[in-house]
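Each chain, written out:
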Amino acid sequence: MRSERKASVLLKCAAVAGLLFLHLPILLIFLYAFTTEDTSYVFPPPGLTLDWLAVTWNRPDVWQALGLSLRVASVSTVIAIVLGTLCAAAVSKARFFGRETISLLVILPIALPGIITGISLRSAFNILDIPFSTFTIILGHATFCVVVVYNNAIARFRRLSGSLIEASFDLGATGFQTFRYIVLPNLATALLAGGMLAFALSFDEVIVTTFTAGQQQTLPIWMLEELVRPRQRPVTNVVAMVVVVVTFLPILAAYYLTREASSSRST
Amino acid sequence: MLARLSDTLWRRPGLFILLLLTPPLLWLGIIYVGSLFALLLQSFFSIDEFSGLIRYELTLKTYYELLTPANGDIILRTIIMACAVTAAATLIAFPIALYAARHARGRLKAFFYLGAMMPLWSSYLVKIYAWKLILAKEGIINWVVEGMGLAFVLNAILAFPVIGGNSLSVSYIGTFIVLLYVWIPFMILPLQAALERVPEPLLEASDDLGATAGQTLRHVTIPLALPGMIAGSIFTFSLTMGDYIVPQIIGSSRRFIGQAVYAHQGTAGNIPLAAAFAVVPIVVMAFYLWYARRRGAFDAL
């Protein structure tokens, strides 16, 4: 393998350069959140200040948008966990006709561009005369969140051996007891991880939301308005930083949850 | 009562599966598939030129409108951009995925995995916002370029017809960079998964038989990783094609499909034309998926 080792210096440089390209732009957000400049995006910042944190803290519109985003993300996540788990349980349990179609159906809302999902929902709501509200936002979000829970749950169901469940029944447990003491503990970390990803997905979603929201502003919609017509750049900088932190934490947690489960199983 | 119910369900798995599937299928079937059909239906309606109201009778008139030069340009422009972004994403993602899959070990591997996964999940709008800061006239790129005395190079690049513009943030180059940045994580992960499945003995055999590293890469590694590459390209291509926010914020005034859909359904109120525009990516993706399936790319998803 001498030749491969030689090539790997060049490869390493390309890989590291690629990772820098992925991460440096996000880090820049943290610098801009503290700049004293409030009318342009000048680099390097003329000075650093903590003032904008306080200004953002006292903004009711930011709090309202954040509150709506958290509400929508929580409800959508709960719906996605229920639907995604049911679907994964059925698909993993047996080979039956139309199994592939069901996988496709679950993946479709995320495989097709968001704008298709968005405008489809919007035209459906229009036809049915459903007014746009928090409810319609949640309908949209839950639909594309199902897939992440489904993916996590089905991977775990495949590893959960059927003999464990049969043993539980043989020992006289009821279906509910089996679910409570055997299936659920085995699934728990996968569902938690899937739920966190679903939460992050919903918290960040903007494309479908622009079509399904009425007058309500989720945090991404608030940010989009600022991107299109910048009015309060310093506040936007701070909000962007907060969004990075809020999405970063659940994803890191989801990673460690699924990783520990799989490594403890293999040892 | 509960116990008997669970016993019945255990003995009749078909019924149990049906019960499990009913709620998710009702949700996805009614809300999602129903909406897709509503969209498809709308695209066969047309708009009355005089009243501006939608005429609810089936016609292909709206699809003819798609073929007018202005609308055709939008479709062509979007597909070219999606191809360019997909190609560039493959080029940049490949070394990262290859290094992470074949060379990194232990903690470095975890670092690379997280390094590729975090951007996938970090906020879409924040990414765009970061590039707005970077590409701005007073931003970091111009600062670096001027600091190195290379302003004339940037100006020469921006002077190119079509892809250039007054500044990076209003040119196709800007749109291209941001789309690439936003969607490239969707290429890295499937590619990495595919590269990890390339069997080590095959590479050793190729090496033993006297192939250079480049030959091994070209004749062994890349063909075996192709399904992963196609799987990644499905995402980058589809997501670029449907994006309407990036070109709206960073780019010239010439539209992409997503923007056309958004504009026609919003201010213009021409839902049939918006729907017809939205059908274009669906059809393109259907062909793409059909081709990918034939190449066995679905196993790598």
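As a convention, each chain's residues are numbered from 1 in the sequence order in which they are written. Just so you know, chain letters begin at A and ligand numbers begin at 1, following the order they were written in. In keeping with the predicted nature of the model, local features appear solely for residues at pLDDT of at least 70, side-chain atom pairs appear and are counted solely at 80 or more, and the whole-chain, interface and lining totals rest on all residues. The side-chain quantities take in all heavy atoms of the structure and omit both hydrogens and water.

Draft legend 1. Just the overall build of chain B, in detail. Each helix and strand in chain B was counted, giving 15 helices and two strands. C-alpha atoms define the radius of gyration, and 2.2 Å times the number of residues to the power 0.38 defines the globule rule. Here chain B has a C-alpha radius of gyration of 24 Å; the compact-globule value for 301 residues is 19 Å, and the former is much larger. Seen through its principal axes, chain B has C-alpha atoms that stretch 70 × 65 × 35 Å. Under the scheme applied here, a residue whose accessible area is under 20% of the maximum for its type counts as buried, over 50% as exposed, and between as partly exposed, the area being computed with a 1.4 Å probe on protein chains only. Here chain B holds 301 residues, and the buried ones make up 52% of them. Total accessible area on chain B is roughly 14,200 Å²; 69% of this is exposed by carbon and sulfur atoms. Distance from the positive charge centre (20 side chains) to the negative charge centre (15 side chains) of chain B: 5 Å. Strands are runs of DSSP state E lasting at least 2 residues, helices are runs of H or I lasting at least 4, and numbering of each runs from the N terminus. Each accessible area is a Shrake-Rupley result for a 1.4 Å probe, and residues are judged covered by the shown protein chains and nothing else. Charge counting treats Lys and Arg as positive and Asp and Glu as negative, with His and both chain ends excluded. Every charge is mapped onto a representative atom, which is NZ of Lys, CZ of Arg, CG of Asp or CD of Glu.

Draft legend 2. Region of the structure containing the nonpolar core. By convention a nonpolar core is built from buried Ala, Val, Leu, Ile, Met, Phe, Trp, Tyr and Cys residues, the set being connected through side-chain atoms within 4.5 Å. With 79 residues, the main nonpolar core has Y124, L125, I128, I245 and F277 of chain B as its most contacted residues. In terms of residue count, helix α6 (residues 124-135) of chain B provides more of this core than any other element does, ten residues in total. Contacts are assigned to residue pairs with any non-hydrogen atoms lying within 4.5 Å of each other. For L125 of chain B, the contacting residues outside a window of four places in its chain are D204, V206, P220, M223, L224 and L227 of chain A together with I245 of chain B.

Draft legend 3. The confidence of the model for chain A, seen in detail. pLDDT measures how confident the predictor is about each residue, on a scale from 0 to 100. The predicted model of chain A averages 83 in pLDDT, with 93% of residues at 70 or higher. By mean pLDDT, the top-scoring element of chain A is helix α3 (residues 60-93) of chain A (90), and the lowest-scoring one is helix α11 (residues 233-266) of chain A (76).

Draft legend 4. Representation of the packing of aromatic side chains in the model. Residue and element names in this part refer to chain A. Classification of ring pairs rests on two measures: the distance between centres of Phe, Tyr or Trp rings, Trp counted by its six-membered ring, which must be within 6.5 Å, and the angle between planes, read as stacked under 30 degrees, edge-to-face over 60 and tilted in between. Here the structure, examined in full by the defined rule, presents 20 aromatic pairs over all chains. Their ring planes at 90° and their centres at 5.0 Å tell us that W57 and W63 sit as a pair that is edge-to-face. Classification of W63 as partly exposed rests on a relative accessible area of 38%. Put simply, a charge is over a ring when the Lys NZ or the Arg CZ is close to the ring centre, within 6 Å, and near the line of the ring normal, within 35 degrees. Taking the ring centre of Y41 as reference, the NZ or CZ of R233 above it sits at 4.4 Å.

Draft legend 5. A look at the packing of helix α4 (residues 69-103) of chain B against helix α9 (residues 172-183) of chain B. All names here are of chain B. Packing of α4 against α9 brings their axes to within 9 Å, and their N-to-C directions diverge by 55°. Relative to α9, the element α4 is oriented oblique. Helix-helix and strand crossings are classified by hand; for α4 and α9 the assignment is right-handed. Residues R77, M81, A84, V85, A88, A89 and I92 of α4 form the contact with α9, whose own contacting residues are Y172, T175, F176, L179 and L180. Residue polarity is assigned by list, with Asp, Glu, Lys and Arg as charged and Ala, Val, Leu, Ile, Met, Phe, Trp, Tyr, Cys and Pro as nonpolar; anything else, Gly included, falls into the polar class. Residue composition of the contact of α4 with α9, grouped by class: ten nonpolar, one polar and one charged. Here an axis means a line fitted to C-alpha atoms, over the contact stretch when the element is a helix, while the angle between two N-to-C directions is reported on a 0 to 180 degree scale. If an angle is under 35 degrees, it is roughly parallel; if it is over 145, roughly antiparallel; if it lies from 65 to 115, roughly perpendicular; otherwise it is oblique. A clockwise turn of the near helix away from the far one marks a right-handed crossing, whereas an anticlockwise turn of less than a right angle marks a left-handed crossing.

Draft legend 6. Region of interest: the interface of chain A and chain B. Between chain A and chain B, the residue contacts involve 89 residues of the former and 84 residues of the latter. Of the roughly 8,100 Å² buried at the junction of chain A and chain B (both faces included), carbon and sulfur atoms supply 81%. Basic side-chain nitrogens of Lys or Arg form a salt bridge, by our definition, when they fall within 4 Å of a carboxyl oxygen of Asp or Glu. Along the contact surface separating chain A from chain B lie zero salt bridges. Think of a polar contact as two N or O atoms within 3.5 Å of one another; within protein, one of them needs to be a possible hydrogen donor and the other a possible acceptor, and neighboring residues in sequence only count if both atoms come from side chains. On inspection of chain A and its partner chain B, the count reaches ten residue pairs in polar contact (both at pLDDT 80 or more). Each of two parts loses accessible area, computed with a 1.4 Å probe, when they are put together; buried area is these two losses added.

Draft legend 7. Focus on the packing of α4 of chain B against helix α5 (residues 106-121) of chain B. All names here are of chain B. Here α4 crosses α5 at 145°, and the two axes come no closer than 9 Å. α5 is crossed by α4, and the crossing has left-handed handedness. Across from I96, Y99, A100 and A101 in α4, the residues of α5 making contact are L108, K109 and F112.

Draft legend 8. Region of interest: a nonpolar patch on the surface. Residues and elements named next belong to chain B. Excluding any residue in a salt bridge, patches collect residues exceeding 30% relative accessible area, merging like charges within 9 Å and nonpolar Val, Leu, Ile, Met, Phe, Trp and Tyr side chains within 5 Å. On the surface, a nonpolar cluster with roughly 940 Å² of combined accessible area is contributed by W143, V144, M148, L150, F152, V153, I157, F160, V162 and I163. Elements supplying a minimum of two residues to the nonpolar patch: α7 (140-147) and α8 (151-158). The biggest single contributor to the nonpolar patch is α8, with three residues. Judged by relative accessible area, which is 44%, W143 ranks as partly exposed.

Draft legend 9. Main features of the state of the cysteines. Cysteine sulfur atoms are paired as a disulfide whenever they come within 2.5 Å of each other. Counted under the stated rule, the structure contains zero disulfides over all chains. Cysteine C145 of chain A remains unbridged, with the sulfur of C87 of chain A as its closest cysteine sulfur at 15 Å.

Draft legend 10. Summary view of the pattern of salt bridges. Residues and elements named next belong to chain A. Per the stated rule, a full pass over the model turns up four salt bridges over all chains. Taking the shortest distance from any N to any O, the salt bridge between E226 and R231 comes out at 4.0 Å. Using a relative accessible area of 57% as the deciding quantity, one classes R231 as exposed.

Draft legend 11. Spatial organisation of the environment of V228 of chain A. By the element assignment, V228 of chain A lies in helix α10 (residues 219-228). Taking the C-alpha atoms as reference points, V228 of chain A and D129 of chain A, 99 residues apart in sequence, are found 30 Å from one another. Leave out the neighbours within four places in its chain, and V228 of chain A touches Q248 and I249 of chain B.

Draft legend 12. Inspection of the side chain of T236 of chain B at higher detail. All names here are of chain B. Relative to the assigned elements, T236 resides in helix α12 (residues 213-242). For T236, a relative accessible area of 0% translates into the label buried. Engagement of the side chain of T236 in a polar contact is seen with the backbone oxygen of S233, the distance being 3.3 Å. T236 has contacts with T86, A89, W183 and M187, leaving out every residue within four places of it along the chain.

Draft legend 13. How the structure looks around the side chain of T35 of chain A. Residue and element names in this part refer to chain A. Residue placement: T35 occurs in the loop between α1 (2-32) and α2 (51-57). We classify T35 as buried; its relative accessible area is 3%. The residues contacting T35, other than those within four sequence positions of it, are P45, P46, G47, L48, T49, W52 and N237.

Draft legend 14. Representation of the environment of V106 of chain A. With respect to the helices, strands and loops of the structure, V106 of chain A is situated in helix α4 (residues 99-111). A C-alpha to C-alpha distance of 9.4 Å links V106 of chain A and C145 of chain A, two positions 39 residues apart in sequence. Not counting the four nearest positions on each side in its chain, V106 of chain A is found in contact with C87, V146, V147 and Y150 of chain A together with L28 of chain B.

Draft legend 15. Focus on the environment of T221 of chain B. All names here are of chain B. Turning to its location among the elements, T221 is positioned in helix α12. In this structure the C-alpha to C-alpha distance between T221 and T86, which are 135 residues apart in sequence, comes to 20 Å. With sequence-adjacent residues up to four places away left out, T221 is seen in contact with L98, L195, V198, L203 and T216.

Draft legend 16. Quick peek at unusual backbone geometry. Positive phi, close to 60°, is recorded for D129 of chain A, a residue that is not glycine. Mapped onto the secondary structure, D129 of chain A falls in the loop between α5 (114-127) and α6 (134-159).

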